[in-house]
Each structure stands twice: as structure tokens, then as C-alpha cells.
Amino acid sequence: MIGLLRSEILRARSRRVVTMLLVATFIAVALGILIAILTTNAPTQEETDRGQRRYERELARCLAGNYGRPDEAGFDSLEAMCAEFVQPQYYGPSTPRFAEIEEILVGTGFIVLLLGAVVGATLGGADWSAGSMATLLVWEPRRVRVLLARIVAVALTALVLTIVAQAVFVAGLTVYIAIHGTFDGTPAGYLGDLTATVLRISAVAGLFALMGLSLATIGRSTVAGLGVFLGYLIIVEGFLSNLLFWVQKVTFGRAAAAVVTDETIELVDGSTRPPSIFELTPGRGWVTLGAWAVVLLLLAGASFRVRDVT
Amino acid sequence: MGVIEVEGLRKDFRRLRGGTTTAIAGLDLEVPEGGVFGFLGPNGAGKTTTIRCLLGLVRPGAGHVKLLGADVPRGLASTIGDVGSIVEQPALFPRFSGRRNLEILARTQGVGAPTIDAVLERVSLADRQRDLVKTYSLGMKQRLGIAAALLKDPSLLILDEPANGLDPAGIVEVRELIRSLGAEGRTVFVSSHILSEVQQVADRLAIVARGRLVTQGPVGEVLASAGARGLVVRVGDPSAAVAVLREAGIQVDVHAEVLRVHVDAAEGARVNRALAERGIYAAEIRADAADLETVFLELTRDEGLGP
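Residues numbered from 1 in each chain as written. Chains lettered and ligands numbered in written order. Predicted model: local features only at pLDDT ≥ 70, side-chain atom pairs only at ≥ 80, totals over all residues.

### Some words on the environment of Thr261(A)
All names here are of chain A.
Link 1 in the chain: Structurally, Thr261 can be placed in helix α12 (residues 252-261).
Link 2 in the chain: Classification of Thr261 by C-beta neighbours within 10 Å gives partly exposed; the count is 17.
Link 3 in the chain: Here the alpha-carbon distance between Thr261 and Val106, two residues 155 residues apart in the chain, equals 6.1 Å. (Helix = DSSP H or I, 4+ residues; strand = E, 2+ residues; numbered from the N terminus. Buried ≥ 20, exposed ≤ 12 C-beta atoms within 10 Å, placed from the backbone.)

### Quick look at the sheet that holds strand β1 (residues 4-14) of chain B
All names here are of chain B.
Link 1 in the chain: Spatially, 4 strands are ordered β2-β1-β4-β5 in an open sheet, and the strand pairing comes out antiparallel. Among the strands making up the open sheet, the edge pair consists of β2 (20-31) and β5 (70-71).
Link 2 in the chain: Both β1 and strand β4 (residues 62-67) contribute to a ladder of 5 bridges, which runs antiparallel. Bridging from a neighbouring strand, Arg10 pairs with Ala62 of β4. (Pairing = 2+ DSSP bridges.)

### Focus: the sheet that holds strand β14 (residues 284-287) of chain B
All names here are of chain B.
Link 1 in the chain: What the 4 strands build is an open sheet, ordered β12-β13-β11-β14; its pairing is antiparallel. Lying at the two open borders of the sheet, with one neighbouring strand each, are β12 (252-255) and β14. Averaged over neighbouring strand pairs, the angle between their axes works out to 25° when direction is ignored.
Link 2 in the chain: In terms of strand pairing, strand β11 (residues 231-234) meets β14 through 4 bridges, oriented antiparallel. Within the sheet, the bridge partner assigned to Val232 lies in β14 and is Arg286.
Link 3 in the chain: Helix α9 (residues 238-247) contacts β12 and β13 (258-261) of the sheet and is inclined by roughly 165° relative to β12. (Axes fitted to C-alpha atoms, helices over the stretch in contact; angles between N-to-C directions. Contact = placed C-beta atoms within 7 Å.)

### Comments concerning the nonpolar core
Link 1 in the chain: If you look at the biggest cluster of nonpolar residues, it comprises 145 residues, and the most contacted ones within it are Val204(A), Ala147(B) and Val190(B).
Link 2 in the chain: Sequence-distant contacts of Ala147(B), that is, excluding residues within four places in its chain, are made with Leu102(B), Val119(B), Leu120(B), Val123(B) and Leu125(B).
Link 3 in the chain: Among the nonpolar cores identified, the runner-up in size contains 11 residues, and Val244(B), Leu245(B), Val261(B) and Val271(B) belong to it. (Core = buried A, V, L, I, M, F, W, Y, C linked by C-beta atoms within 7 Å.)

### Some words on helix α1 (residues 47-54) of chain B
Residue and element names in this part refer to chain B.
Link 1 in the chain: Across the 8 residues of α1, 8 count as buried, placing the element largely inside the fold.
Link 2 in the chain: The set of residues buried in α1 consists of Lys47, Thr48, Thr49, Thr50, Ile51, Arg52, Cys53 and Leu54.
Link 3 in the chain: Looking one or two residues beyond α1, the residue adopting positive phi is Gly56, at roughly 75°.

### Side note on the confidence of the model for chain B
Residue and element names in this part refer to chain B.
Link 1 in the chain: Taken residue by residue, chain B gives an average pLDDT of 85. The fraction at 70 or more is 94%.
Link 2 in the chain: The lowest-confidence element of chain B is helix α11 (residues 292-302), averaging 70 in pLDDT; the highest-confidence one is strand β7 (residues 156-160), averaging 92.
Link 3 in the chain: Both scores are given for the predicted complex: the pTM is 0.77, the ipTM 0.73. (pLDDT = per-residue confidence, 0-100.)

### A word on unusual backbone geometry
Link 1 in the chain: Omega for the peptide link from Val72(B) to Pro73(B) comes to 5°, which places this bond in the cis form.
Link 2 in the chain: Examined against the element boundaries, Pro73(B) turns out to sit in the loop between β5 and α2 (76-79).
Link 3 in the chain: The phi torsion at Arg220(A) lies on the positive side, around 60°, for a residue other than glycine.
Link 4 in the chain: Within the fold, Arg220(A) resides in the loop between α9 (190-219) and α10 (222-243).
Link 5 in the chain: Overall, the presence of 18 C-beta atoms within 10 Å leaves Arg220(A) in the partly exposed class.

### Side note on the packing of helix α8 (residues 143-180) of chain A against helix α13 (residues 282-306) of chain A
Residue and element names in this part refer to chain A.
Link 1 in the chain: Where α8 meets α13, the axes come as close as 9 Å, and the angle between the chain directions of the two elements is 145°. Considering only the axes of α8 and α13, their crossing is right-handed. Of the residues in α13, those touching α8 at Arg143, Val144, Leu147 and Ile151 are Leu297, Ala300, Gly301, Phe304 and Arg305.
Link 2 in the chain: A breakdown of the residues in the contact of α8 with α13 according to their chemical character gives 6 nonpolar, 1 polar and 2 charged. (Left-handed = near helix turned anticlockwise from the far one by under 90°. Nonpolar A, V, L, I, M, F, W, Y, C, P; charged D, E, K, R; others polar.)

### Some points on the packing of α9(A) against α13(A)
Residue and element names in this part refer to chain A.
Link 1 in the chain: The geometry of α9 relative to α13 is characterised by a closest axis approach of 8 Å and an angle of 25° between their N-to-C directions. The angle between the axes of α9 and α13 places the two elements in the roughly parallel class. Like other packed secondary-structure pairs, α9 and α13 cross with a definite hand, here left-handed. Of α13, the residues touching α9 (which contributes Val204, Leu207, Leu210, Met211, Ser214, Leu215, Thr217 and Ile218) are Leu289, Trp292, Ala293, Leu296, Leu297, Leu299, Ala300, Ser303 and Phe304.
Link 2 in the chain: Looking at the contact of α9 with α13 residue by residue, the class counts come to 14 nonpolar, 3 polar and no charged. (Parallel < 35°, antiparallel > 145°, perpendicular 65-115°, else oblique.)

### As for the interface of chain B and chain A
Link 1 in the chain: Counting residues at the interface gives 26 residues for chain B and 22 residues for chain A.
Link 2 in the chain: Only α2 and α3 (98-108) of chain B provide two or more residues apiece to the side of chain B that touches chain A.
Link 3 in the chain: When residues of the side of chain B that touches chain A are assigned to their parent elements, the largest contribution, 6 residues, is made by α3(B).
Link 4 in the chain: Taken together, the residues that form the side of chain B that touches chain A break down as 15 nonpolar, 5 polar and 6 charged.

Given below as C-alpha cells:
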């Protein structure tokens, strides 16, 4: 089993698509940051002063009670409420802040998840496209073992690839912020939060990779795997879930959103009076994603075990 | 006990538009240990499907298959380490180097780098091992496939149409390789539809057509089963020679200036004397031995399986 796993990891490592995705990430981040650095101008003193004056004015309005009562907004005091609602960066010139990187990562997380699905589908479909599955099976005829080794290799590859991609992205953003932004206002323990977000997104990307692997194994090609995956996103997540509310509760796109943002998503069923609300918590999101991955892998395993390799 | 035992093997494939296609229709086969065994049949005879059944890639509809004494597919895992194979074209990753392709396979069974070096040397690919497989000629890919099959140092090699698509030089190379592997004491099971190839390398053979066994045995016996065919005689003046032999009561035909004399092959001296006494000297007298192609066509025709 260890030998098989080593073989699968070597195979995954040797795939051109893996190298290409890494290189593309480096180039995209480097180019994006370079363009941002060259086209962004630092704010003038006048803009900074104007922003500071607006901030002070709004803070004064808030403290005068113009923003409502703190208890209604869930705050203990007026000062605490105003500190949350009125912050300098809302009024001053737009200055990129290191503390915003986590938000940016969450916002671009769907690209990382799709990257995971692509990696899974391509590693799962490569052998079928090249016709080398028969070659592999005459070395290791126990198909369940082959699939298990592949699952581990694909999950590891997707994890490592997406962590590296995100690390490169964060590094690029940090360089940009060092030149044009500020590290002020970065809360204590922020790096820990940032790392947790990166790992969370990569873990979901790993699950997406396993779904891509399953679909490519069932369809016996990368194109089939990716086609079904994207078709599902468009038809089920984009269209069907708007017609049938219960579908929203079980789709993996919304579950992934809850996990990646680490926030509860409220799904509102407008067809009932009064509208009913389903709280999709991050925990529920993990369960939904895990269930999708397990069911698809079981289907892939059954198909792989029973069908002839011709 | 044979290294390959097949009994009552049957495989039907479902067609997309309904119905089934029978690839193997109750095949029995026994391959003894050692030497080269030719598995002969026209395209569509069920050779590749049989090999896929042997290797557990395809599940038989009926029948039993044993490989090195182990039931397939249940016991295959215990014997597969001693079986090297190529099924149809060797399927390799074209964008990996030849060596990387072998390394991926080698790692599954913990085969080390020295063995990879040795098999690459053996198939004369050592100097091209770092090149991408997509730059290889068909013959080189075929040799790399054989190298992959040899990585396990197997006692049984199953090669499906190893000379397919090769140029004459490639065919000779692969033929020599197969001969040498058989001479080492391994059992080499070679399927082919190229009759002359099998005749040149195999010690024993089986002929299949339409998923059924037509005959099997040592090559000499199978050829002999076609019976005596007389003599082939070349002379300067064929028409004069025909007249002389017919006068002597010997049946003879002429095809393309070559005489086919219908006597026992042992009567070459009598034919030669009859011609020489009339001043006709033969340039060549040899037995008109049946080749495998003739035998194959006769046997499949007899079985109602021929073209």
C-alpha cells in the first residue's frame, strides 16, 4: 500500500497541470501586485486630513445618539457601538490594510476551491485518458487499494497546491501593503486567524478535489468529471436551488460558503408565510461537504470495482 | 498444470443499441511452463479480451481462469507480481519520460532503480530514458512497454500483439527479444494476428477464431496436421519438365514457373532422377511444407470460422 501511495504521489507530482497551476499562480500574483504597485498613488496629506475631519464629525454624530440606541444594536455602551460603526478607514482615503487580507482570501476562495476540483478531476481522469489504467491494474489488481491510494494522493496534492497558492497570494499582498498600505489596526492574533482561514479554504479545496476525482473516475475522463461538476454548479446550485428551497440546504456550494467564511448563512424560504429561515452553520457546512465527498467516492469505488477496463 | 489454464471462458459485451456481442464463446486453453506460446487469431477473434480476462481487467461471463495456479480474479493479487504484461498498445504517459513511466510502476511494488537501469539497457532504451515518451517511435514505445513488463522479473510474460505497427527493423528487434526471453526459461505468451511472426518465435501455439479454440499444440504438430503437400521444383524449362514427369506417371502443376509435384516429400530423388535422365537439371527441389497461414486458413475453414 505504501509503494502504491508513493507511486500515486510521484504520478501526481509529475503531472504537468500541477506544475502549470503553480507557475500560473506565481505569475498571476506577481503581475497583479506589480500592476497594483505601479498604478496606486499614496494619498496626499490634504486627502488624509479631509478624511480625518469626516471621521471626527461622524464620530461626534454617533456619540450624540444619531446612530440609534446601543442596546438595540446589541452593544453595551454608546462608545463601543460608535467604535464599531465609525472607524477612520471608512472616511479617509482608501488605504489597503493588512487586516483586510483575510477578507480578500475569503472573497477569492471560490477560485481556490475550483482549483481543487480541477486538480482532482485531472488526476482522476489522466489514467483513463492515457489508457494507462490497465497498465496500473496489471501491477496492482486490487482496485479498492488503487482508489484509496489515489484518494490520499489527490487530497494531499490539492492541499499542498492550494496552501502554496494562497501563501504566494498573501505574500504578494503583504508586499503591496508594505509599499502602499498600512499594518495599523491589525488585531492581536491576526496571523493565527489568517492561517486558520488558509487551512480552512484548502481543506474545502481538498474535498472539492475528491469530488472531482470521483466524478472523473465514474466518467472515466477529466472532461467528464469537470463537465458534470460545472454542470451541477450551474444547473443545481444556480437554477434548481432557487426553485426548490430544500435543495439549498443540501447543495455543497452554499455549504462551502458557510465553511470558508466561517459564518452562519441564513437561507430564507420565501414560499412560506411567514418566510422560514434555515441556518446553515459552518458545522452543518462541514457535514454537508463531507457527505457529498463520501457519497461520490463510494459511487466511484463501486463503479471502479465492478466495471470492465477495456 | 499449465501456467495459464482457461476453461469454458465466455464473455459477451452489451452493445449500446441493445443486444450483445460475443467476444469469447467457451474458450479452453492450457499454456505449459517455459518457452514461447503463440496465441494466434484474426482481428476480432477474442485474443485481447482473453488476455484482459487473464489479467482481471475484464470479468468473464462464464468459465474459469487460472494464472500461475491462482484463480482469477480472486487470487490474482498473489501471483501478479510474477506476471509481466502488455495489453494492446503499451499505455504510457506521453508527457513523462520513459524512465519516469517506469518509476511510477516500479514504486507500486518497491522495485529499485538498478532494476529500471537493467531493463532499459535490455530493451536498448538506456540512452533515451530521459526523453519524453511522446518523442518515441512506435517501436520504442513497444520496447518501453516490454521494459515495464520485465520490471518485475516475471516468470510469465503476456504480450498482446507486440509487433503491431512496427517497421521491419522493429519487428526483428522485438522478435529477438521474445526469443531470448523464452530461452531464459520464462513462459512468454504472445498474441498476434501476424502468422509468420508467431511461426518464427513460438514453440507451441493455439489458434482461435470467433472466440473459440480451433487447435493448439507444438508448432511442428500443428503444421504437420495440414498433411503432406509434395515437392516444389524449379527448372529452366518448366513445360518440358511437366511433360517428362507426367510421362513418368507423376502428377504435377505449374504455378508462376514453379512446379508443384504431388508426391511424398521423401520421393525427391525419384523426381530428380526422372528429370536428369532427360537432360533437365533441377535448380531447386524442396518439400512443399505448409506454412502457418495455410494451416490457419484450412483449420478455420474446416470449423466454419474462416473468412
